[in-house]
Amino acid sequence: MSRNIPPVTGMKDVLSADIGLWQHVERSWRAVADAYGYEEIRVPVVEHTELFKRAIGEYTDVVEKEMYTFTDQGGDSLTLRPEATAGIVRACISNGLLRGARLKLWCQGPMFRHEKPQKGRFRQFNQIDLEAIGFAGPDVDIEIIALTARLWKQLGLTRVKLQINSLGTPESRKAYRALLQDYFRRHLDALDDDGKRRLEGNPLRILDSKHPPTQEIVKNAPVLTEHLDAESTAHFAELRAGLDALGIPYTVNPRLVRGLDYYSRTVFEWITDALGSQDAVCSGGRYDGLIAQMGGEATPAIGFAMGVERVVELVRLAGMTAPANLPDVFVMAQGDAAQRGALALAEKLRDELPGHGIVVHCGSAKFKTQFRRADESGARVALVIGEDELARGVVALKPLKGAENTQSEYPVAEIGARVAEFLRRST
Ligand code: ATP
Ligand code: MG
């Protein structure tokens, strides 16, 4: 016997037992996105490696260590997307969508990062991503946070908490960056290799280091919010006032950063205490400088990404069980001619009863076995065609789930109406 081929490390199957929860999250998301007038966009899973290097930045975990990069047959360096913003911005530029446009977009799909797999952290995972492009805020910043808060409410999630911060503008950050470099140079011993490398390239990234000695030093580092320019201070005050007005609680976390130059002003993160150490559920921020850096005309924008696996897990922990997608009708037959009749009957019912699931028993089996499978399917009514029924042009209708122990016969022409009537009565 040949050896089984295992799945790729860190890449998971979502089995049908879990699909109900996924679809529940996805349906709720669509309803919320629609309610705010955001539109779906779909972009490729693979892009030129250069796109992510430029959009995400060289001094990030994602670009330094986590990208799935390969050379294709034509010699191009391509990368499986680790996030969606870069591709969406590229799509807006490639399709000429900018030109002063105001775009409210979202996207959902798999992302790929070569990380150490653990609970809540995978190498292929799904994100729901939203971008508001062409808006300087802070009104739209408030709107997209309200949108996420509405999603949690819709999903019944209470164990998610909002943190916000402001990064100011790249100009005002320069002075702060110098202060930060001074500070960390005085504590060089506490930095790990990543920290030392980032000290020159991107010292803000040290603030969200996961290295414990570095975290200790970070506690007393200068605080960015105390070094904001006047306009960013006003923007941040308005963001807070807007969240207050909508009754959305938050805490200001001065350590919440994005290390790249094109990030500006608002950053936020929804974190949870319900998932252990992988506690970030949704992270977002304003990236007013990115689009120009990608070669598009300067356009302010803000967006966020949420980890769908983590949201699904929170929904499960909240005790939500998605309604199972059960069929209504189970059609069974015995003998080749009757089986053909069963397939034809099922097609007719699907025409006549849209919105109802009609399952046909495939493969031959005793009626006793077929009835057991019908019960297991969760269907409410069985339709039976034996050789005798076939010869007489009738179908037997038998309620399932022990509802009534009766069985009646109807001519094939009538069966759609009879089933419809039965389903109406038995709900
Ligand atoms: P972390 O600090 O947990 O690595 P991140 O800063 O890399 O997070 P983002 O790039 O902001 O995360 O991604 C947005 C969201 O996507 C995260 O808040 C998280 O919910 C989810 N996410 C990120 N990486 C993974 C992963 N490897 N597996 C599952 N979900 C992930
Ligand atoms: Mg990460």
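Cut-offs applied
- Residues numbered from 1 in each chain as written.
- Chains lettered and ligands numbered in written order.
- Predicted model: local features only at pLDDT ≥ 70, side-chain atom pairs only at ≥ 80, totals over all residues.
- Heavy atoms only, no water.
- Axes fitted to C-alpha atoms, helices over the stretch in contact; angles between N-to-C directions.
- Helix = DSSP H or I, 4+ residues; strand = E, 2+ residues; numbered from the N terminus.
- Parallel < 35°, antiparallel > 145°, perpendicular 65-115°, else oblique.
- Left-handed = near helix turned anticlockwise from the far one by under 90°.
- Contact = heavy atoms within 4.5 Å.
- Expected span 1.5 Å × (residues − 1).
- Buried < 20%, exposed > 50% of the residue type's maximum accessible area, 1.4 Å probe, protein only.
- Arc of directions from axis to C-beta.
- Disulfide = S-S within 2.5 Å.
- Pairing = 2+ DSSP bridges.
- Salt bridge = Lys/Arg side-chain N within 4 Å of Asp/Glu carboxyl O.

A. Highlighting the packing of helix α1 (residues 16-35) against helix α5 (residues 139-155). At a closest axis distance of 10 Å, the pairing of α1 and α5 adopts a crossing angle of 140 degrees. Taken together, the axes of α1 and α5 lie oblique to each other. Crossing of α1 against α5: the hand is right-handed. Together, His24, Val25, Ser28, Trp29, Ala31 and Val32 of α1 and Leu147, Arg150, Leu151, Gln154 and Leu155 of α5 make up the contact between the two elements.

B. A look at α1. Under the 1.5 Å per step criterion, the end-to-end length of α1 is 29 Å for 20 residues, consistent within 8% with the ideal 28 Å. Among all positions of α1, only Leu21, Trp22, His24, Val25, Ser28, Trp29, Val32 and Ala33 are buried. In a view along the axis of α1, the buried residues occupy a sector of 160 degrees, so they form one face of it. For α1, the exposed residues set more than 90 degrees away from the buried face come down to Ser16, Arg27 and Asp34.

C. Fine view of the state of the cysteines. This structure, assessed with the given rule, holds zero disulfides. Between cysteine 107, a cysteine without a disulfide, and cysteine 92, which holds the nearest cysteine sulfur, the sulfur-to-sulfur distance is 11 Å.

D. Summary view of the sheet that holds strand β14 (residues 381-385). The strand order across the open sheet built from five strands is β13-β12-β14-β15-β16, with neighbouring strands paired in mixed fashion. Lying at the two open borders of the sheet, with one neighbouring strand each, are β13 (358-360) and β16 (408-411). Taking each pair of neighbouring strands and ignoring which way they run, the sheet shows an average axis angle of 25 degrees. Here three bridges tie strand β12 (residues 329-333) to β13, and the two strands are oriented parallel to one another. Note that in β13 the partner of valine 329 across the bridge is isoleucine 358. Strands in contact with helix α12 (residues 336-352) are β12, β13, β14 and β15 (394-399); relative to β13, the strand with the most contacts, it is inclined by about 170 degrees. The sheet contacts of helix α15 (residues 415-425) involve β12, β14, β15 and β16, and relative to β14 the element is tilted by about 155 degrees.

E. Summary view of the pattern of salt bridges. One pass over the structure, following the stated rule, counts 28 salt bridges. Where aspartate 61 meets lysine 65, a salt bridge forms, and the shortest distance between an N and an O atom there is 3.6 Å. With a gap of four residues between them, aspartate 61 and lysine 65 both fall in helix α3 (residues 61-66), about one helical turn apart. Among the residues examined, lysine 65 registers a relative accessible area of 44% and is labelled partly exposed. With a shortest N-O distance of 3.7 Å, arginine 265 and glutamate 231 are connected by a salt bridge. With arginine 265 in the loop between β8 (251-252) and β9 (266-272) and glutamate 231 in helix α9 (residues 230-245), the pair connects residues that are 34 residues apart, well separated along the chain. Judged by its relative accessible area of 13%, arginine 265 is buried.

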